[in-house]
Amino acid sequence: MHIDDVDLACRLSGLTLTELWIAYVGMGGSASEVDLWARLALGAGWPAVEDAMLLAAAEEALVNAGLPRLHPGEG
């Protein structure tokens, strides 16, 4: 996963960091909002499964905004 993809999806959909975190936790993510900020702003390492949930939450926001997914073949 590329952090830039999550950032782009959030910008396009208007999703805030808090909204992204809520969506991510709703998908089973276990990191705190501070950990999410560190992942996005500082590139802190995460397990691949957490990154997958984060990207899925960001892409779901795109779909909810009527926009296409960044990775149409995934999820």
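Look up a bit, the structure's there.
Predicted, not measured: the structure shown is a model, and the values here were computed from it. (Residues numbered from 1 in each chain as written. Predicted model: local features only at pLDDT ≥ 70, side-chain atom pairs only at ≥ 80, totals over all residues. Heavy atoms only, no water.)

K.L.:
Break down the nonpolar core for me, with residues and values.
P.N.:
If you look at the biggest cluster of nonpolar residues, it comprises 16 residues, and the most contacted ones within it are V6, L20, Y24, W46 and L54. Among the secondary structure elements, those contributing two or more residues to this core are helix 1 (3–13), helix 2 (17–26) and helix 4 (48–64). A total of 7 residues in this core trace back to one element, the largest contributor, which is helix 4. (Core = buried A, V, L, I, M, F, W, Y, C linked by side-chain atoms within 4.5 Å. Buried < 20%, exposed > 50% of the residue type's maximum accessible area, 1.4 Å probe, protein only. Helix = DSSP H or I, 4+ residues; strand = E, 2+ residues; numbered from the N terminus.)

K.L.:
Give a detailed account of a nonpolar patch on the surface, specifying residues and quantitative values.
P.N.:
A cluster of nonpolar side chains, contributed by L8, L12 and L67, occupies part of the molecular surface with about 240 Å² of accessible area. Within the secondary structure, L12 sits in helix 1. For L12, a relative accessible area of 49% gives the class partly exposed. (Patch = residues over 30% accessible without salt bridge, like charges linked within 9 Å, V, L, I, M, F, W, Y side chains within 5 Å. Areas by Shrake-Rupley, 256 points an atom, 1.4 Å probe, with all protein chains shown as cover. Salt bridge = Lys/Arg side-chain N within 4 Å of Asp/Glu carboxyl O.)

K.L.:
Go over helix 1, please, and point to the residues and values.
P.N.:
Regarding helix 1, the residues found buried are I3, D5, V6, A9 and C10. Buried residues along helix 1 cover an arc of 165° about the axis, so they all sit on one side. Those residues of helix 1 that are exposed and angled more than 90 degrees off the buried face are D4 and R11. Once helix 1 finishes, G14 follows within two positions and takes phi at roughly 80°, a positive value. (Arc of directions from axis to C-beta.)

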